[in-house]
Amino acid sequence: MAQHTPTARICRAYDGFAAVAITTGTRLPDGSRATLRVTCPTCKGTGHSVPTALVQAGR
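Rules used in this analysis
- Residues numbered from 1 in each chain as written.
- Predicted model: local features only at pLDDT ≥ 70, side-chain atom pairs only at ≥ 80, totals over all residues.
- Heavy atoms only, no water.
- Disulfide = S-S within 2.5 Å.
- Buried < 20%, exposed > 50% of the residue type's maximum accessible area, 1.4 Å probe, protein only.
- Helix = DSSP H or I, 4+ residues; strand = E, 2+ residues; numbered from the N terminus.
- Contact = heavy atoms within 4.5 Å.

### Topic: the state of the cysteines
Next up, step 1: Taken as a whole, this structure holds 0 disulfides when the rule is applied.
Next up, step 2: Distance from the sulfur of Cys 40, which forms no disulfide, to the nearest cysteine sulfur (Cys 43) is 3.8 Å.
Next up, step 3: Of the residues examined, Cys 43 reaches a relative accessible area of 6% and is grouped as buried.

### Examining the environment of Gly 16
Next up, step 1: For Gly 16, the position within the fold is in the segment before strand S1 (19-27).
Next up, step 2: Residues Gly 16 and Cys 40, spaced 24 residues apart in sequence, show a C-alpha to C-alpha distance of 9.1 Å.
Next up, step 3: Those residues in contact with Gly 16 that sit more than four places away from it in its chain are Ile 10 and Cys 11.

### A closer look at the environment of Cys 43
Next up, step 1: The residue Cys 43 is located in the loop between strand S2 (33-39) and helix H1 (52-57) in this model.
Next up, step 2: Along the backbone, Cys 43 and Ala 18 are 25 residues apart, and their C-alpha atoms lie at a distance of 7.1 Å.
Next up, step 3: The residues touching Cys 43, leaving out its near neighbours within four places in the chain, are Cys 11, Ala 18 and His 48.

### Some details on the environment of Tyr 14
Next up, step 1: With respect to the helices, strands and loops of the structure, Tyr 14 is situated in the segment before S1.
Next up, step 2: In this structure the C-alpha to C-alpha distance between Tyr 14 and Pro 41, which are 27 residues apart in sequence, comes to 9.7 Å.
Next up, step 3: Ignoring anything within four residues of it in the chain, the contact list for Tyr 14 reads Cys 40 and Pro 41.

Shown next, in the form of structure tokens:
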């Protein structure tokens, strides 16, 4: 009999991306581009969101 795994709570903000790299347009001495790493403010870069019931209970 097949066992089902629970689905992970993926952060819905920013299409599920926990962190992105943004190019600044500046080139480094080796020719590559300088990038900034920006994390999702909702999930703090973990990729998982907190269930809504827990957020509302803390108010």
